[in-house]
Amino acid sequence: MGKRVYLDHAATTYTNEEVLKEMLPYFSKIYGNPSSIHSFGREVKKQIDIARNRVAKAIGALPEEIFFTAGGSEADNWAIRGIAYANKNKGNHIITTKIEHHASLYTCESLEKEGYRVTYLSVDKYGMIDIEELKKAIGDDTILISIMYANNEIGTIQPIEEIGKLAKANKIYFHTDAVQAIGNIRINVKEQNIDSLSLSAHKFYGPKGVGVLYIRKGVKVNNLIYGGAQEKGKRAGTENVPGIIGLGKAIEMASENIDEYNKTMTQLRDRLIKGIMNNIPYTILTGHPKMRLPGNASFCFKFIEGEALLLNLDLKGIAGSSGSACTSGSLDPSHVLLAIGLPHEIAHGSLRLTLGDINTEEDVDYVVRTLPEIVQKLREMSPLYEDVKGGK
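Our subject in this report is the structure included herewith. These numbers were taken from a predicted model, which means no experiment stands behind them.

1. Overview of the sheet that holds strand β10 (residues 296-301)
Right, so step 1: Spatially, β9-β10-β12 is the arrangement adopted by the three strands of the open sheet, whose pairing is antiparallel. Looking at strand neighbours, the two that pair on one side only are β9 (283-286) and β12 (350-354), the edges of this open sheet. Averaged over neighbouring strand pairs, the angle between their axes works out to 25° when direction is ignored.
Right, so step 2: Across five bridges, β10 lies against β12 in antiparallel orientation.

Here it is in structure tokens:
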């Protein structure tokens, strides 16, 4: 088998060996139900409490403010829907953006059908919101601002601290989807005035199927899942013990190594961006040039389709992703790319390459050597590109 390069860490990371090692005993050797009062259950509950403390320490929260979920999507749903329902007596207005993850967007759209009013903020060509537009959108009936920390497609990091200050000054709850940010950027929910935050373990070398919703003490939020008394009566269902323990270990490791990790990923990202932009004409770098996730390099290549690009990259052993939704049966390109002002025909030619700790300069250089040939081959099949070559 030839060279293989995985550049889709925004989709998922592998589970770190140390994380897996810590999880393994809880599948078959230490298997008590943490809700049981006997020693088998108490032993497991103690480990869940350790994981809860690890998460709290990593984001500057209190342990009792950490609630385990089945992932980032559940956490987003719970935060938005739970706060909306619990505070309906104060108002029914929610502010979000046009570039949120669908877990947030679809939740807001469903709430609109129930009588809630939602404002979807625009973004500039880099995917950044305008704080002044946010200020103007706030009304007496605004109960929640939900804005993602960093975009999953183009990597743009929002001015979270400014948003937090504004929300606090207006006595509005502030939720942020930090699924892509955790493990890449230092976060302190208290200092940044974040009332609720979502995260998912498999984005920072933890297991899939487990996440967290941070809920600041005092925030009114209704339950999303009913049934049992787990998670202090807030989230029913027997805990995913191995997953929770893995998440705790993964976030602890990510926090301890975050500065070095950030520096390394930024260097590799900049090398990748420079190599691609210098070697492939008619290319657009999407996302903010500086205020972006350290491992995110996202582009649009004119005159080609993203799906064909991914298939050809895969044949060369390179894994990436496209912002286009064609592979899911839709003919529409990414809502994020349309929101930053790209026309459909350009947005269809998107490519997201996201780096992780397994990647090297050799990997980056291999992509920089390989990608131009693929893009050129695909462009040669495009009638639009023929017009460009002909000077039209």
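2. What to know about the packing of aromatic side chains
Right, so step 1: Scanning the model with the defined rule gives six aromatic pairs in all.
Right, so step 2: Between Tyr-205 and Tyr-261, the ring centres sit 6.1 Å apart and the planes meet at 85°, which makes this aromatic pair edge-to-face. With a gap of 56 residues between them, Tyr-205 in the loop between β7 (196-200) and β8 (211-215) and Tyr-261 in helix α9 (residues 258-279) connect regions that are remote in the sequence.
Right, so step 3: What makes Tyr-261 buried here is its relative accessible area of 12%.
Right, so step 4: Members of the aromatic cluster, connected to one another through ring pairs, are Tyr-14, Tyr-205 and Tyr-261.

3. Things to note about the environment of Lys-217
Right, so step 1: Along the chain, the position of Lys-217 falls in the loop between β8 and α8 (241-256).
Right, so step 2: Given the relative accessible area of 59%, Lys-217 is considered exposed.
Right, so step 3: Separated by 21 residues in sequence, Lys-217 and Ser-196 place their C-alpha atoms 9.7 Å apart.
Right, so step 4: When residues no more than four places from it in sequence are discounted, the contact partners of Lys-217 are Glu-64 and Glu-65.

4. Overview of the pattern of salt bridges
Right, so step 1: Counted by the stated rule, this structure contains 18 salt bridges.
Right, so step 2: Of the charged contacts in the structure, one is a salt bridge between Lys-249 and Glu-22, with a shortest N-O distance of 3.9 Å. Here the residue Lys-249 occupies a position in helix α8, and Glu-22 occupies one in helix α1 (residues 17-23), the gap between them amounting to 227 residues.
Right, so step 3: The partner of Asp-195 in a salt bridge is Arg-216, and the shortest N-O contact between them spans 2.6 Å. Of this pair, Asp-195 sits in the loop between β6 (173-177) and β7 while Arg-216 sits in the loop between β8 and α8, and the two are 21 residues apart along the sequence.
Right, so step 4: Judged by relative accessible area, Asp-195 falls into the buried class, the value being 8%.
Right, so step 5: Connected through salt bridges with shared partners, the residues Glu-22, Arg-54, Lys-249 and Glu-252 form a single ionic network.

Rules and cut-offs
Residues numbered from 1 in each chain as written. Predicted model: local features only at pLDDT ≥ 70, side-chain atom pairs only at ≥ 80, totals over all residues. Heavy atoms only, no water. Pairing = 2+ DSSP bridges. Helix = DSSP H or I, 4+ residues; strand = E, 2+ residues; numbered from the N terminus. Axes fitted to C-alpha atoms, helices over the stretch in contact; angles between N-to-C directions. Phe/Tyr/Trp six-rings, centres within 6.5 Å; stacked < 30°, edge-to-face > 60°. Buried < 20%, exposed > 50% of the residue type's maximum accessible area, 1.4 Å probe, protein only. Contact = heavy atoms within 4.5 Å. Salt bridge = Lys/Arg side-chain N within 4 Å of Asp/Glu carboxyl O.

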